[in-house]
Amino acid sequence: MSEHRETRVIGIDLGGTNVRTAVVNAQGEMLARDQGITPAKEGSDAIVKAILESVGRVLTQAHMDASDLGAVGLASAGLSNPETGILYTSPNLPTLKDVPLAGLIEKELGKKVFLMNDANAAAIGELYLGTARGARNFIYVTLSTGIGAGVVINDKIYAGSAGLASEPGHMVISDEGPVCYCGSKGCWEPLASGTALAKYARQCIQEGIKTSILDYVGGDAEKVTAEDVHKAAQAGDALAREVIARTAYYVGVGLANLINIFNPELIVIGGGLSNIGDMLLEPAYEEAKRRAFPQMSDVVRFARAELGEDSGILGAGIFVLRETKGLGRL
Ligand SMILES: [Zn+2]
């Protein structure tokens, strides 16, 4: 076995809809990529099987077998313990509860599997290969169906005492706010995520506010998504613009909290909702800067994530290379 082959690893991104896998080399290049369906409702056996099938396909593409691999990085949404490899709970994978996910895959592949939170993986991806290259203290925030984040302090993911940090999607923004699936109330996620934006738009429509948003969903308010609201806003619809402005306000309040706690040099924003772009992000940044201490607002930069939907697989791969090979800066 050549040294070159030994430095190849697999990055896996387990999401509620898709399981993505990639073979990544020590230069952070993706040598092969696969995408399969996550059988999210079918339980841990079916999910593990789907992961292993995707790994099998990506290895075939790269003309490798599992014995050629250095190790495996597995990124998943939800609360997981990287020390034990146990996934406690995940909003996107409701059938998984306290599952030793890393161990189950390790047993099949015969290789060490590192389990991590998907937003932490994406933060590592952006640090090595994306928009956060050169930064030492930054926060990656994904605005998506939910809100996730990875906090990087002095080049390292801040993991907390049990490896569970960070979940700012559940910091309380408004105690009067909507009930959150986590059991709390007024969390950032049910106020500022893509799900929250669409839900608020639907509420306004059901209250009878006139809007062209319905033109994008054949008149069925139940089908309204954040993307439909964005389209209507671009066409000048007043309600759509108000819904986006309200979401931007809450995004900004949450970012101000992160700035005041961590004093980051950079905040990287990713996730599907960020595709709305300046209409959402500019007012959010302004709100954040207005609320945070000026001395901290003055030094923070905001940037869009560069790696898109590959941030998780690349970040999981890079994380493993860092852990097993002492990978320095690329
Ligand atoms: Zn919550």
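Residues numbered from 1 in each chain as written. Predicted model: local features only at pLDDT ≥ 70, side-chain atom pairs only at ≥ 80, totals over all residues. Heavy atoms only, no water.

Participant: I'm lost on the packing of aromatic side chains in this one. Help?
Facilitator: For any pair of aromatic rings, the description rests on two quantities: the centre-to-centre distance and the angle between the ring planes. Counting across every chain of the model gives 3 aromatic pairs. Consider the rings of Y249 and Y250, whose centres lie 5.1 Å apart with planes at 70°: the pair is edge-to-face. Judged by relative accessible area, Y249 falls into the partly exposed class, the value being 34%. Between Y285 and F302, the ring centres sit 4.1 Å apart and the planes meet at 5°, which makes this aromatic pair stacked. A residue pair is termed long-range when its members are at least 10 positions apart, and Y285 in helix α9 (residues 278-291) and F302 in strand β13 (residues 301-304) qualify at 17 residues. (Phe/Tyr/Trp six-rings, centres within 6.5 Å; stacked < 30°, edge-to-face > 60°. Buried < 20%, exposed > 50% of the residue type's maximum accessible area, 1.4 Å probe, protein only. Helix = DSSP H or I, 4+ residues; strand = E, 2+ residues; numbered from the N terminus.)

Participant: Whenever I open this one, the confidence of the model for the protein confuses me. Can you help?
Facilitator: Any residue range with low pLDDT should be treated as having predicted coordinates unsuitable for detailed reading. Residues at a pLDDT of 70 or more form 97% of the protein, whose mean pLDDT is 94. The low-confidence segment residues 1-5, where pLDDT is below 50, has 6 contacts with residues more than four positions distant or belonging to other chains. (pLDDT = per-residue confidence, 0-100. Contact = heavy atoms within 4.5 Å.)

Participant: Would you take a moment to explain the coordination of the zinc ion for this structure?
Facilitator: In the first shell of the zinc ion, the protein supplies H170 (ND1), C180 (SG), C182 (SG) and C187 (SG), at 2.0 to 2.4 Å from the metal. Mapping the donors of the zinc ion onto the primary sequence gives the spacing H-x9-C-x1-C-x4-C. Taking the relative accessible area as the measure of exposure, C187 reaches 0% and is therefore buried. (Donors = N, O, S within 2.8 Å, 3.2 Å for Na, K, Ca; no water.)

Participant: Where do I start with the sheet that holds strand β12 (residues 266-270) in this structure?
Facilitator: Sheet strands associate in pairs through backbone hydrogen bonding, adopting either a parallel or an antiparallel arrangement. Strand order in this open sheet of 5 strands is β11-β10-β9-β12-β13, and the pairing throughout is mixed. With partners counted over all chains shown, the strands left at the sheet margins are β11 (156-157) and β13, one partner each. Of the pairings in the sheet, the one linking strand β9 (residues 138-143) to strand β10 (residues 147-153) comprises 6 bridges and is antiparallel in character. Along β10, the bridge assignment pairs T142 with G148. (Pairing = 2+ DSSP bridges.)

Participant: Hey, could you run me through the pattern of salt bridges in this one?
Facilitator: Think of it this way: side chains of opposite charge can pair up when their charged atoms draw near. In total, this model carries 9 salt bridges according to the counting rule given. Note that R33 and D310 form a salt bridge whose closest N and O atoms lie 2.8 Å from each other. Of this pair, R33 sits in strand β3 (residues 30-37) while D310 sits in the loop between β13 and α11 (311-325), placing them 277 residues apart in sequence. Two residues, D155 and R136, come together in a salt bridge whose shortest N-O distance is 3.3 Å. Of this pair, D155 sits in the loop between β10 and β11 while R136 sits in the loop between α4 (118-129) and β9, and the two are 19 residues apart along the sequence. (Salt bridge = Lys/Arg side-chain N within 4 Å of Asp/Glu carboxyl O.)

Participant: Please clarify how the pairing of β12 should be interpreted in this entry.
Facilitator: A regular strand places its side chains so that they alternate between the two faces of the sheet. Most of β12 is tucked away: 5 of the 5 residues are buried. Going residue by residue along β12, you find L266, V268 and G270 tucked away on one face and I267 and I269 tucked away on the opposite face as well. Note: β9 against β12, 5 bridges, orientation parallel. The residue of β12 that forms the bridge with F138 is L266.

Participant: Teacher, can you tell me more about the domain arrangement of the protein here?
Facilitator: Per the domain assignment, the segments making up the protein are domain 1 (3-118 + 309-325) and domain 2 (131-305). With centres defined by C-alpha atoms, the gap from domain 1 to domain 2 works out at 27 Å. For the pair domain 1 and domain 2, the two sides together bury roughly 670 Å², of which 52% comes from carbon and sulfur. Among the residues of domain 1 in contact with domain 2, L79, P91 and R322 are the three that bury the most area, contributing 46% of the side total. One can count 0 salt bridges joining domain 1 with domain 2. Inspection of the domain 1/domain 2 interface yields 1 residue pair in polar contact (both at pLDDT 80 or more). A per-class count over the side of domain 1 that touches domain 2 returns 4 nonpolar, 5 polar and 1 charged. (Domains from an automatic or database assignment. Buried area = accessible area lost by both parts, 1.4 Å probe. Polar contact = N/O pair within 3.5 Å; in protein donor to acceptor, adjacent residues only side chain to side chain. Nonpolar A, V, L, I, M, F, W, Y, C, P; charged D, E, K, R; others polar.)

Participant: How should the nonpolar core be read in this particular structure?
Facilitator: In summary, soluble globular proteins display a tendency toward joint burial of nonpolar side chains. V141, L143, W188, I213, V229, L255 and I267 are the most contacted members of the largest nonpolar core, which totals 49 residues. Contributing elements (two or more residues each) for this core: β9, β10, α5 (189-192), α6 (194-206), α7 (226-234), α8 (238-262), β12 and α9. For this core, the element with the highest residue contribution is α8, accounting for 12 residues. Formed by 31 residues, the second largest nonpolar core is a distinct cluster that contains V9, A132, I157 and F319. (Core = buried A, V, L, I, M, F, W, Y, C linked by side-chain atoms within 4.5 Å.)

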